[in-house]
Amino acid sequence: MPDQSPPAPDLFTWEFAADPYPAYAWLREHAPVHRTKLPSGVDAWLVTRYADARQTLADTRLSKNPAHHDEPAHAKGRTGIPGERQADLMTHLLNIDPPDHTRLRRLVSKAFTPRRVAEFAPRVQELTDDLIDRFTTSGSGTADLIHDFAFPLPIYAICDLLGVPREDQDDFRDWAGMMIRHGGGPRGGVARSVKKMRGYLAELIHRKRMELPAEPVPGEDLISGLIRASDHGAHLTENEAAAMAFILLFAGFETTVNLIGNGTYALLTHPEQRRRLQRALAEGDRALLETGVEELLRYDGPVELATWRFATEPVVIGGQRIEAGDPVLVVLAAADRDPERFADPDTLDLGRRDNQHLGYGHGIHYCLGAPLARLEGQTALATLLTRLPDLRLAVDPAELRWRGGLIMRGLRTLPVEFSPPRSGQT
């Protein structure tokens with residue numbers, strides 16, 4: 001009998017970026033571990049089923065170190081974050097394995113404990129309210145929620161945690177803006193921004209080391225903590241400190257930009273769920289906010305594909321043999337809509353229980369900053385829906401464009417309309 005299955009969908013087109021979920025459904029059913037050529041020219045395996053994804057994320061035979069990539073000449077340097085090799089920023093948590101990964105993760109994990117994140121909550125609320133004040137006081141009743149809100153909020157928050165002086169944070173905002181444009185900015189702009197950020201971090205680390213007090217102070221910033229650890233026998237080199245600060249900044253803002261942007265868009269296009277959440281917030285019930293953010297992470301999360309892994313030996317995933325040196329990418333967006341794991345996976349249900357999504361990964365590389373991202377996401381969405389109860393899209397959803405790029409999923413812009421607050425109203 002001839003094969004009656006529909007033809008394989010085109011991947012990584014602009015049409016695919018707008019709605020990749022039908023293509024991922026096809027892959028889950030017909031080619032759950034699928035080898036494809038990426039836009040960069042790199043050949044990689046895509047893992048799309050939930051069970052296979054969990055296995056892959058925790059498999060120690062899959063290394064995070066690009067040195068294990070059996071890369072042909074045409075693919076040289078085309079994995080990872082653009083510009084990180086040239087800027088000598090490779091020794092960070094997304095590129096290393098135990099025992100170095102264990103050592104470095106231990107140094108920074110204390111900055112993201114539930115207690116430390118809870119202590120930071122008032123600052124996140126302050127930033128949220130300040131940004132909303134800025135775009136609502138113009139009187140226009142319009143805003144771009146990406147540019148005016150979702151983007152600056154996590155930038156300023158992570159800069160505060162790292163210890164970047166307030167007067168320098170707008171520079172970081174500019175560099176970060178170039179980094180998340182991917183193909184949308186000037187040629188080489190990402191690499192130049194990464195290089196500028198690297199130079200600034202090296203200078204900041206040096207300055208903080210010179211000014212570091214003998215004993216830690218309450219609420220000490222993260223860069224000072226990294227310096228203190230390296231100066232007291234934790235074997236953290238200055239290059240490792242710069243790379244660590246860089247990846248915490250990079251990973252600590254783009255995921256949250258997309259969580260807030262994608263989450264707000266999902267709520268605005270699912271009015272019943274949005275009203276359900278607004279009613280709960282008006283009644284002082286935050287339980288639906290907490291489960292709702294988890295559902296938004298599952299339904300259309302900020303990280304579409306987990307970061308690169310490379311087989312260190314032949315591995316079988318989902319019945320497919322993968323050779324040593326091959327790159328493997330776990331498609332979190334596909335796994336989190338697997339009907340074998342989630343009932344009605346294409347339905348947004350803010351009260352969904354048993355929601356063990358993979359939006360922040362799984363295993364030893366589970367996102368370190370997930371508690372902070374959840375706090376920022378919950379604060380941003382709750383405050384938006386409370387202060388701007390009639391928030392609505394200003395354009396047809398078909399007009400929205402999604403940013404290019406392999407790992408992250410996020411909107412370029414999110415134009416909205418709302419009734420401007422009356423004078424004196426907050």
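Before reading on, note that the structure itself is shown above.
In this text the structure is predicted, and so the values were computed from the model without any measurement.

Scoring rules and cut-offs
- Counting of residues starts from 1 at the beginning of each chain's written sequence and follows it residue by residue.
- Note on the predicted model: pLDDT of at least 70 is required for a residue's local features to be given, and 80 or more for side-chain atom pairs to be given and counted; whole-chain, interface and lining totals, by contrast, use all residues.
- Excluded from the side-chain calculations are hydrogens and water; all other atoms, namely the structure's heavy atoms, are used.
- The helix and strand labels rest on DSSP assignments: H or I over at least four residues marks a helix, E over at least two residues marks a strand, and numbering proceeds from the N terminus.
- Note on exposure labels: buried denotes an accessible area under 20% of the residue type's maximum, exposed denotes more than 50%, and partly exposed covers the range between, all computed with a 1.4 Å probe on protein chains only.
- A contact between two residues is defined here by any heavy atoms of the two lying within 4.5 Å.
- Note on terminology: a nonpolar core comprises buried Ala, Val, Leu, Ile, Met, Phe, Trp, Tyr and Cys residues joined through side-chain atoms within 4.5 Å.
- Axis lines are fitted through C-alpha atoms, for helices just across the contact stretch, and the angle between N-to-C directions can take any value from 0 to 180 degrees.
- Any angle that is under 35 degrees is reported as roughly parallel, and any over 145 degrees as roughly antiparallel; angles of 65 to 115 degrees are reported as roughly perpendicular and all others as oblique.
- Classification used: nonpolar for Ala, Val, Leu, Ile, Met, Phe, Trp, Tyr, Cys and Pro, charged for Asp, Glu, Lys and Arg, polar for all others including Gly.
- In this analysis, strands are considered paired if DSSP registers two or more bridges between them.
- The handedness criterion is simple: a crossing whose near helix is rotated anticlockwise from the far helix by less than a right angle is left-handed, and one whose near helix is rotated clockwise is right-handed.
- A helix is expected to span 1.5 Å multiplied by its residue count minus one.
- Here a Phe, Tyr or Trp ring, Trp counted by its six-membered ring, pairs with any other such ring whose centre lies within 6.5 Å, and the pair is stacked when the planes are under 30 degrees apart, edge-to-face when over 60, and tilted otherwise.
- Here, a charge over a ring is recorded when the distance from Lys NZ or Arg CZ to the ring centre is within 6 Å and its angle to the ring normal is within 35 degrees.

**Quick notes on the overall build of the protein chain**
So, point 1. Within the protein chain one finds 15 helices and 10 strands.
So, point 2. Scored against the burial criterion, the 426 residues of the protein chain give a buried share of 56%.
So, point 3. Taking all contacts inside the protein chain whose residues are at least 6 apart in sequence as the whole, residues at least 24 apart take part in 71%.

**So, the nonpolar core**
So, point 1. Ranked by internal contacts, the top residues of the largest apolar core, which has 74 residues, are Phe135, Phe149, Leu162, Phe172 and Leu414.
So, point 2. Sort the elements by how many residues they give to this core and helix H11 (residues 238–268) lands first, with 14 residues.
So, point 3. Leave out the neighbours within four places in its chain, and Leu414 touches Ala143, Asp144, Leu145, Ile146, Gly261, Thr264, Tyr265, Leu393 and Leu400.
So, point 4. In terms of nonpolar packing, the next biggest core, distinct from the first, is built from 40 residues, Tyr21, Val33, Ala44 and Leu305 among them.

**A closer look at the packing of helix H13 (residues 287–300) against helix H15 (residues 370–387)**
So, point 1. Across the interface, H13 lies against H15 with an axial gap of 10 Å and an inter-helix angle of 110 degrees. When the axis of H13 is compared with that of H15, the two are roughly perpendicular. Seen from H13, the contacting residues are Leu289, Glu290, Val293, Glu294, Leu296 and Leu297; seen from H15, they are Arg374, Gly377, Gln378, Leu381 and Ala382.
So, point 2. Considered class by class, the residues forming the contact of H13 with H15 number six nonpolar, two polar and three charged.

**What to know about the pairing of strand E8 (residues 327–330)**
So, point 1. Here E8 shows a buried face lined by Pro327 and Leu329 and a second buried face lined by Val328 and Val330.
So, point 2. With three bridges joining them, strand E2 (residues 43–47) and E8 adopt parallel strand pairing. When the sheet's bridge partners are listed, Val47 is paired in E8 with Val330.
So, point 3. Sheet topology note: the strand E5 (residues 309–311)/E8 ladder contains two bridges and is antiparallel. From the neighbouring strand, Phe310 faces E8, where its bridge partner is Pro327.

**Some points on the packing of helix H4 (residues 100–109) against H11**
So, point 1. At a closest axis distance of 12 Å, the pairing of H4 and H11 adopts a crossing angle of 65 degrees. Between H4 and H11 the crossing geometry is right-handed. Together, Arg103, Leu104 and Val108 of H4 and Glu240, Met244 and Leu248 of H11 make up the contact between the two elements.
So, point 2. Each residue belonging to the contact of H4 with H11 can be placed in one class, and the counts come to four nonpolar, no polar and two charged.

**With respect to H13**
So, point 1. The end-to-end C-alpha distance of H13, which contains 14 residues, comes to 20 Å, matching closely the 20 Å that a straight helix rising 1.5 Å per residue would cover.
So, point 2. For H13, the buried fraction is high: 12 of the 14 residues fall into the buried class.
So, point 3. Residues of H13 that are buried include every one of Leu288, Leu289, Thr291, Gly292, Val293, Glu294, Glu295, Leu296, Leu297, Arg298, Tyr299 and Asp300, and no others.

**Brief notes about the packing of aromatic side chains**
So, point 1. Following the criterion strictly, the structure yields 12 aromatic pairs and no others.
So, point 2. Measuring from centroid to centroid gives 5.9 Å for Trp175 and Tyr200, while their planes differ by 55 degrees, and the two rings are tilted. Residue Trp175 is located in helix H8 (residues 169–181), and its partner Tyr200 is located in helix H9 (residues 189–211); the two are separated by 25 residues in the primary sequence. Like Tyr200, Trp175 is buried.
So, point 3. An aromatic cluster of at least three residues, connected via ring pairs, comprises Phe12, Phe16, Tyr21 and Tyr24.
So, point 4. A cation over a ring is seen here: Arg298 above Phe342, with NZ or CZ 5.4 Å from the ring centre.
So, point 5. Over the ring of Phe342 we find Arg341; its NZ or CZ atom is 5.1 Å from the centre of that ring.

**As for the sheet that holds strand E1 (residues 33–37)**
Through backbone hydrogen bonds, the strands of a sheet pair up, either in parallel or in antiparallel fashion.
So, point 1. Spatially, the five strands line up as an open sheet ordered E1-E2-E8-E5-E3, and their pairing is mixed. Here the strands that pair on one side only, and so sit at the sheet edges, are E1 and strand E3 (62–63).
So, point 2. Taken together, the two bridges between E3 and E5 define a ladder with antiparallel strand orientation. Paired with Ser63 across the two strands is Phe310, which belongs to E5.
So, point 3. Relative to the sheet, helix H3 (residues 50–58) contacts E1, E2, E3, E5 and E8, its axis offset from that of E8 by approximately 125 degrees.

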